[in-house]
Amino acid sequence: MKTYHLKEEYIELTKLLKLMKLAVTGGHAKIMIESGEVFRNGNQETRKRAKIRKGDHVMVNDVQITIA
């Protein structure tokens, strides 16, 4: 499990995936989201620019990210 410490009100999902090194580029992050690999709080997330906020949990493959 990884933790991302939010410095702003939110972070866009594609940016989070890049910062956590789960996606190589923004385009790669978008493909991951479109192909159904990304879950937010237990639900499949299909919005590339979803606003991820404190308390959210993002799951990609076997990696869980907690937003603090």
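Computed from a prediction, not measured in an experiment: that's the story for all the values here.

1. Quick look at the sheet that holds strand β7 (residues 63-67)
As summarised here, the arrangement of the five strands in space is β1-β7-β6-β3-β4, forming an open sheet in which the pairing is mixed. Only two strands of the sheet have a single neighbouring strand rather than two, namely β1 (2-4) and β4 (43-44). Direction of pairing for strand β6 (residues 57-60) relative to β7: antiparallel, over a ladder of four bridges. Looking across to β7, one finds that M59 is bridged to Q64.

2. A closer look at the pattern of salt bridges
Taken as a whole and judged by the stated rule, the model has five salt bridges. Note that R40 and E45 form a salt bridge whose closest N and O atoms lie 3.5 Å from each other. Both residues of the pair, R40 and E45, belong to the buried class. The residue E45 makes a salt bridge to R47 at a minimum N-O spacing of 2.9 Å.

3. What to know about the nonpolar core
Counting residues in each nonpolar core, the largest one holds 19 residues, and the members touching the most others are Y4, L13, L16, L17, V38, I52 and V58. At the level of elements, α1 (13-19), α2 (26-34), β6 and β7 are the ones that each hand at least two residues to this core. If near-sequence neighbours (up to four positions away) are discounted, I52 is found in contact with L6, Y10, I11, L13, L16, R40, V58 and I67.

Parameters and conventions
Residues numbered from 1 in each chain as written. Predicted model: local features only at pLDDT ≥ 70, side-chain atom pairs only at ≥ 80, totals over all residues. Heavy atoms only, no water. Pairing = 2+ DSSP bridges. Helix = DSSP H or I, 4+ residues; strand = E, 2+ residues; numbered from the N terminus. Salt bridge = Lys/Arg side-chain N within 4 Å of Asp/Glu carboxyl O. Buried < 20%, exposed > 50% of the residue type's maximum accessible area, 1.4 Å probe, protein only. Core = buried A, V, L, I, M, F, W, Y, C linked by side-chain atoms within 4.5 Å. Contact = heavy atoms within 4.5 Å.

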